[in-house]
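# Observations on the model geometry
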2 protein chains.
Amino acid sequence: MTQPTAEHIDWTDPACPVARTLDVVGDRWSLLIVRDAMDGARTFGDFQQSTGIARNILTDRLRRLVRHGIIDRTPGPSGRRHIYALTPAGRDLFTVVVALRQWGERHTFAPAEQHSVLVDESGVPIPELQPTDSTGQPVNPDTTTVRKVR
Amino acid sequence: MTQPTAEHIDWTDPACPVARTLDVVGDRWSLLIVRDAMDGARTFGDFQQSTGIARNILTDRLRRLVRHGIIDRTPGPSGRRHIYALTPAGRDLFTVVVALRQWGERHTFAPAEQHSVLVDESGVPIPELQPTDSTGQPVNPDTTTVRKVR
């Protein structure tokens, strides 16, 4: 377990893990940068090309992601361009990115519209994530409760 | 399958379901509002109290969420206050919220810090989500590929 951010942030809702995650990566560009890093982007130019993000915003978001322990920045082989790579905590956002992807597949495409697909090493699409209880039964907002910190 | 947003948005990256989801709910406040709706918030005052969000931002985000088919707004019993409730597409963000929560639990709390916990009807914490391939084997960014639309 890493705690990339514990000392740096004025948390919106300190006892809530959902809110803390959103304080760290809860903006569109940060999560698109993480998506692209998972998909092979390694340089400033890679991210700029894949997201179409403005240079100043990209600079700011990369800096934030480095500061929060999501991305590591190291000098490239030539010593000129930096190389960006996900940290273990950054790679662990995979489940979040998959959940965002699958919701988008279900709710933001018309039947005739095509979208990219996440596939395994055999080219088979990844099954949908389903939260369950400890016995494997599906759960939903009605069958779960957030137990607050006392 | 609903397509709450297909006609309203100038998509950042039209073929990518991750990017489309972020275009719809990819800001901290929208996802905190969804979290609170799952947790029982129903009125403007409920959301204001649970998020501590400024009134003008809350008004804007609720309007956006209604426009994008994530939340329904109906007149309350007295005819004065509106009642906000998640649509089926909004409820289906449960998996995203659970994934955000679990990442936050793993990476944003120091060992001694307490956080809220999502529990099932028996009070048992919900197990961690794990993306798998179709045979049930865990997958990660290295063992999956995004197959682009041609």
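Reading guide: rules and limits
- Residues numbered from 1 in each chain as written.
- Chains lettered and ligands numbered in written order.
- Predicted model: local features only at pLDDT ≥ 70, side-chain atom pairs only at ≥ 80, totals over all residues.
- Heavy atoms only, no water.
- Helix = DSSP H or I, 4+ residues; strand = E, 2+ residues; numbered from the N terminus.
- Buried < 20%, exposed > 50% of the residue type's maximum accessible area, 1.4 Å probe, protein only.
- Contact = heavy atoms within 4.5 Å.
- Areas by Shrake-Rupley, 256 points an atom, 1.4 Å probe, with all protein chains shown as cover.
- Lys, Arg positive; Asp, Glu negative; His and termini not counted.
- Charge placed at Lys NZ, Arg CZ, Asp CG, Glu CD.
- Least-squares fit on C-alpha atoms with pLDDT ≥ 70 in both.
- Salt bridge = Lys/Arg side-chain N within 4 Å of Asp/Glu carboxyl O.
- Axes fitted to C-alpha atoms, helices over the stretch in contact; angles between N-to-C directions.
- Parallel < 35°, antiparallel > 145°, perpendicular 65-115°, else oblique.
- Buried area = accessible area lost by both parts, 1.4 Å probe.
- Nonpolar A, V, L, I, M, F, W, Y, C, P; charged D, E, K, R; others polar.
- pLDDT = per-residue confidence, 0-100.
- 1 Å grid on protein atoms, 1.4 Å probe; cavity = no way out; pocket = protein on both sides within 12 Å on 5 of 7 lines; lining within 4 Å.
- Points joined across faces, edges and corners; volume = space filled by probe spheres on them.
- Phe/Tyr/Trp six-rings, centres within 6.5 Å; stacked < 30°, edge-to-face > 60°.
- Lys NZ or Arg CZ within 6 Å of the ring centre and 35° of its normal.

On to the overall build of chain A, then. A count of helices and strands for chain A gives 6 helices and 4 strands. When the elements of chain A are put in sequence order from the N terminus, they spell out α-α-α-α-β-β-α-α-β-β. Considered along the principal axes of its C-alpha atoms, chain A spans approximately 55 × 50 × 25 Å. Counting over 150 residues, chain A shows a buried share of 50%. Counted over contacts in chain A with a minimum sequence separation of 6, partners at least 24 positions apart contribute 41%. Summed over its atoms, the accessible surface of chain A is roughly 7,300 Å², and 46% of this surface lies on carbon and sulfur atoms. Averaging the locations of the 18 positively and 18 negatively charged side chains of chain A gives two centres separated by 8 Å.

Turning our attention to the relation of the copies chain B and chain A. With an axial shift of 0.0 Å and an RMSD of 0.0 Å, the rotation relating chain B to chain A amounts to 180 degrees. Those values place the two copies in the arrangement expected of a two-fold rotation axis. Residues of chain B ranked by C-alpha distance from the rotation axis are headed by Asp27 of chain B, positioned 2.4 Å from it. A share of 100% of interface residues in chain B that are also interface residues in chain A marks the association as one of identical surfaces.

This paragraph deals with the pattern of salt bridges. Applying the stated criterion to the full structure yields 22 salt bridges over all chains. Measuring nitrogen to oxygen at the nearest pair gives 3.3 Å for the salt bridge that ties Asp142 of chain A to Arg91 of chain B. Of this pair, Asp142 of chain A sits in the loop between β3 (117–119) and β4 (145–147) while Arg91 of chain B sits in helix α5 (residues 88–91), on two different chains. In this structure Asp142 of chain A comes out as exposed when scored by relative accessible area, which is 57%. The shortest N-O distance in the salt bridge between Arg101 of chain B and Glu105 of chain B comes to 3.2 Å. Taken together, the residues span about one helical turn, with Arg101 of chain B and Glu105 of chain B both in helix α6 (residues 94–107) at a distance of 4 residues.

Let's shift gears to the packing of helix α2 (residues 28–38) of chain A against helix α6 (residues 94–107) of chain A. All names here are of chain A. One way to put it is that α2 packs onto α6 with a least axis distance of 10 Å and a crossing angle of 105 degrees. For the element pair α2 / α6, the angle class is roughly perpendicular. On α6, the residues that touch Leu31, Val34, Arg35 and Met38 of α2 are Phe94, Val96, Val97 and Leu100.

What follows is about the interface of chain B and chain A. Opposite the 84 residues of chain B that make contact, chain A presents 84 residues. Between chain B and chain A lies a buried interface of about 7,700 Å² when both sides are counted; carbon and sulfur atoms form 62% of it. Ranking the residues of chain B by area buried against chain A places Trp103, His107 and Arg147 of chain B at the top, with a combined share of 9%. Inspection of the region where chain B meets chain A yields 12 salt bridges. For Asp92 of chain B, the salt bridge is made with Arg106 of chain A, and the minimal N-O distance between the two is 2.6 Å. Listed by contribution, the elements that provide at least two residues to the side of chain B that touches chain A are α1 (17–25), α2 (28–38), α3 (44–51), α5, α6, β3 (117–119) and β4 (145–147) of chain B. Top contributing element to the side of chain B that touches chain A by residue count: α6 of chain B, with 13 residues. For the side of chain B that touches chain A, a count of residues per class yields 41 nonpolar, 23 polar and 20 charged.

The subject of this paragraph is the confidence of the model for chain A. Residues with a pLDDT of 70 or more make up 95% of chain A, whose mean pLDDT is 92. Here the predicted complex carries an ipTM of 0.93, next to a pTM of 0.93.

Glancing now at the layout of surface pockets. Looking at the largest pocket, its volume works out to about 270 Å³. When residues of the lining of the largest pocket are traced back to their parent elements, those giving at least two are β4 of chain A together with α2 and α6 of chain B. Here the lining of the largest pocket takes 4 residues from α6 of chain B, the largest share from any one element. In the lining of the largest pocket, the residues fall into 10 nonpolar, 4 polar and 6 charged. Quantified by volume, the second largest pocket comes out at close to 230 Å³.

On to the packing of aromatic side chains, then. Using the criterion set out here, one finds 2 aromatic pairs over all chains in the structure. Here the aromatic rings of Phe47 of chain A and Tyr84 of chain A are separated by 6.1 Å at their centres, their planes lie at 80 degrees, and the arrangement is edge-to-face. Linking Phe47 of chain A in helix α3 (residues 44–51) with Tyr84 of chain A in strand β2 (residues 82–86), this pair joins segments that are 37 residues apart in sequence. In this arrangement the basic side chain of Arg20 of chain B is found over the ring face of Phe109 of chain A, its NZ or CZ atom lying 3.8 Å from the centre. The ring of Trp29 of chain B is capped by Arg28 of chain B, whose NZ or CZ atom sits 4.7 Å from the centre of that ring.

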